[in-house]
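Notes for the structure review
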Amino acid sequence: MQKPDSDAPRNNPNKRTIEILQQISDYYERMADHWRSYSYRRAINALRRQTEKIVTRKQAQSIRGIGERLADKIEEIVLTDRLRQLDNTGSTPEDRILQEFIGIYGVGLSQASKWLAQGFRSLEDLLTNAQLSPNQRIGVGHYDDFMQRIPRKEVETHGAIVRKAIHSIDPDMQVIIAGSYRRGALDSGDIDVLITKPDTSLDHIRSLMNDQVIPQLFADGYLQVGLATSRQHNGDGSKWHGASTVPGSTTWRRIDLLFVPGDEFGAALIYFTGNDIFNRSMRLLAHKKGLCLNQRGLYANVLRNAQRVKVNPGRLLESRDERRIFALLGVPWRPPEQRIC
Ligand code: DCP
Ligand code: MG
Ligand code: MN
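These lines cover the structure that appears in this document, whether it is placed above or below. Predicted model, so just to flag it, every value in this text is computed and none were measured. (Residues numbered from 1 in each chain as written. Chains lettered and ligands numbered in written order. Predicted model: local features only at pLDDT ≥ 70, side-chain atom pairs only at ≥ 80, totals over all residues. Heavy atoms only, no water.)

Concerning the pattern of salt bridges
For side chains bearing opposite charge, pairing can occur when the charged atoms are close. We apply this condition: Within this document, salt bridges are pairs made up of a side-chain nitrogen of Lys or Arg and a carboxyl oxygen of Asp or Glu, the two lying within 4 Å of each other. By definition, any uninterrupted DSSP run of H or I lasting at least four residues is a helix, any uninterrupted run of E lasting at least two residues is a strand, and each is numbered from the N terminus. Relative accessibility decides the category of a residue: with a 1.4 Å probe and only protein chains considered, values under 20% of the type maximum give buried, values over 50% give exposed, and everything between is partly exposed.
Applying the stated rule across the entire model yields 17 salt bridges. With a closest N to O distance of 2.9 Å, Arg339 and Glu322 form a salt bridge. Highlighted residues: Arg339 in the segment after helix 16 (322-329) and Glu322 in helix 16, separated in sequence by 17 residues. Overall, Glu322 belongs to the buried group, its relative accessible area being 9%.

Here's what the structure looks like:
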């Protein structure tokens, strides 16, 4: 994911503070503490909008998006040009092992901490001595591959290979590279491909992919492995995760295929273009307007019970057209390149 400060004005009076907050946010991201990382990024965004240098706790606290604890940290950064907290992070051997384990595909903080507590100390150690799930074994075995960023040109090659295989079966299918690539990133963490066709059901697209395209791409030597997804994350089987290599390369790349029924194209495209923080803020905005946005569409009149659990899906307002979803939400159109929060 591109860093939120990549487009920060060079002459922002809070540039130094932003840099240090970014380091802390990155640290929490490496530690898989996405929520903390997110709250730092929110503070960074708030600071970027300030035209004056924020010096005191009180000034900081008066800004929306900056709470009491962050305001304290900002004051400390300005006074000392650093944050004490940073000096103690990531420096112990345990921290470094934890970070290495968190870097394994599909492994979060809880699994990584468990391995550390069980005494595992390296990837080699895990491979030979730990009980790994099939996904984990692939993640460890291809650790170095999956760590590498994928150059934009290579992402395009992957897209072309998938598109060609799909079009040889049905030339009317639409194949779109989404994710960070669609946002214009120069390199990506994985390849995200959205596959759809107008007036076509999910069932139809899914069986075409699972029965014909995916087996063919394995036979061609392009796909290397499929990675199991939890039901929780892929209840309707609309996603396929795996790894692939382009001809002439031995580096495995992570690839995600998203199968989308024709009439959900717009909502799915917003979701799969991201970034994740942008999606979260769009969904929050919808929520504030009494609407509900998800990867299937924008809905009104969604009923929730006291536990805030949906009791009816609501009335569909729009799902086909990306631009109309923005318009109905009252958000000025933002091209993918600008969907970085
Ligand atoms: N997504 C989301 N929430 C998540 C994960 C993903 O909304 N928790 C959406 C937005 C992402 C898109 O799915 O942009 C693709 O997810 P990736 O994890 O592949 O992220 P990106 O493609 O944005 O970045 P990268 O270059 O790291 O793959
Ligand atoms: Mg991606
Ligand atoms: Mn992805």
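Some words on the packing of helix 1 (residues 15-30) against helix 2 (residues 34-48)
To keep it simple, the criterion reads: Every axis corresponds to a line fitted to the C-alpha atoms, with the helix fit spanning only the stretch in contact, and the corresponding angles, defined between N-to-C directions, vary from 0 to 180 degrees. Here is the rule for angles: anything less than 35 degrees is roughly parallel, anything more than 145 is roughly antiparallel, 65 through 115 is roughly perpendicular, and the remaining ranges are oblique. For a crossing to be left-handed, the near helix must be turned anticlockwise from the far one by less than a right angle; the clockwise case is right-handed. Here a residue-residue contact requires only that any non-hydrogen atoms of the pair lie within 4.5 Å. The classification used treats Ala, Val, Leu, Ile, Met, Phe, Trp, Tyr, Cys and Pro as nonpolar, Asp, Glu, Lys and Arg as charged, and all other residues, Gly among them, as polar.
In the contact formed by helix 1 and helix 2, the axes pass within 8 Å of each other and the chain directions differ by 165 degrees. Looking at the two axes, helix 1 sits roughly antiparallel to helix 2. Both helix 1 and helix 2 take part in a crossing whose hand is left-handed. Along its contact with helix 1, which presents Thr17, Ile18, Leu21, Gln22, Ile24, Ser25, Tyr28 and Glu29, the element helix 2 presents His34, Arg36, Ser37, Tyr40, Arg41, Ile44, Leu47 and Arg48. Partitioning the contact of helix 1 with helix 2 into residue classes produces seven nonpolar, five polar and four charged.

Some words on the side chain of Asp145
Formally: In this tally, Asp and Glu contribute negative charge and Lys and Arg positive charge; neither His nor the terminal groups of the chain are included. In the analysis that follows, any N or O atom pair within 3.5 Å is treated as a polar contact, provided that within protein one partner can donate a hydrogen and the other can accept it, and provided that, for residues neighboring in sequence, both atoms belong to side chains.
You can see Asp145 is positioned in helix 10 (residues 143-147). Comment: no salt bridge for buried Asp145; closest opposite-charge side chain is Arg253, at 6.8 Å. A polar contact of 3.1 Å, which involves the side chain of Asp145, links it to the side chain of His142. In this structure the side chain of Asp145 is engaged in a polar contact, spanning 2.9 Å, whose partner is the backbone nitrogen of Trp252. Leave out the neighbours within four places in its chain, and Asp145 touches Thr250, Thr251, Trp252 and Arg253.

Description of the pairing of strand 4 (residues 191-197)
How we decide: Here, strands pair whenever DSSP counts at least two bridges between them.
Counting buried positions along strand 4 yields seven of seven residues, so the element is predominantly enclosed. On strand 4, burial covers both faces: Ile191, Val193, Ile195 and Lys197 on one face and Asp192, Leu194 and Thr196 on the other are all buried. As paired elements, strand 2 (residues 174-177) and strand 4 share four bridges and run antiparallel to each other. By the bridge assignment, Ile177 is partnered in strand 4 with Val193. Sheet topology note: the strand 4/strand 7 (residues 253-261) ladder contains seven bridges and is parallel. Within the sheet, the bridge partner assigned to Asp192 lies in strand 7 and is Asp256.

Here we look at the site of ligand 1
Our working definition: Any residue with a non-hydrogen atom lying within 4 Å of a molecule or strand is treated as near it. Accessible areas in this description were obtained via Shrake-Rupley with a 1.4 Å probe; residue shielding takes into account the shown protein chains only.
Taken together, the neighbourhood of ligand 1 is formed by 16 residues, with Ser180, Arg183, Gly189, Asp190 and Asn279 sitting nearest. In the environment of ligand 1, an oxygen atom lies 2.8 Å from a nitrogen or oxygen atom belonging to the side chain of Arg183. Surface burial for ligand 1 is 68%, taken as the share of its 540 Å² of free accessible area covered by protein chains. It is helix 14 (residues 265-273) that provides the largest number of residues to the shell around ligand 1, a total of three residues. Split by residue class, the shell around ligand 1 holds three nonpolar, eight polar and five charged.

What about helix 14?
Of all nine residues in helix 14, eight are buried, a share of seventy percent or more. Residues Phe265, Gly266, Ala267, Ala268, Leu269, Ile270, Phe272 and Thr273 constitute the buried set of helix 14.

What to know about the coordination of the magnesium ion (ligand 2)
Rules: Here the coordinating atoms are restricted to nitrogen, oxygen and sulfur within 2.8 Å of the metal centre, or 3.2 Å for Na, K and Ca, and because water is not among them the sites may look incomplete.
At this site the magnesium ion (ligand 2) is bound by Asp190 (OD) and Asp192 (OD), with donor distances of 1.9 to 2.1 Å. The distance between the magnesium ion (ligand 2) and the manganese ion (ligand 3) comes to 3.5 Å, with Asp190 serving as a donor to both metals. Taking relative accessible area as the criterion, Asp192 reaches 10% and is therefore assigned buried.

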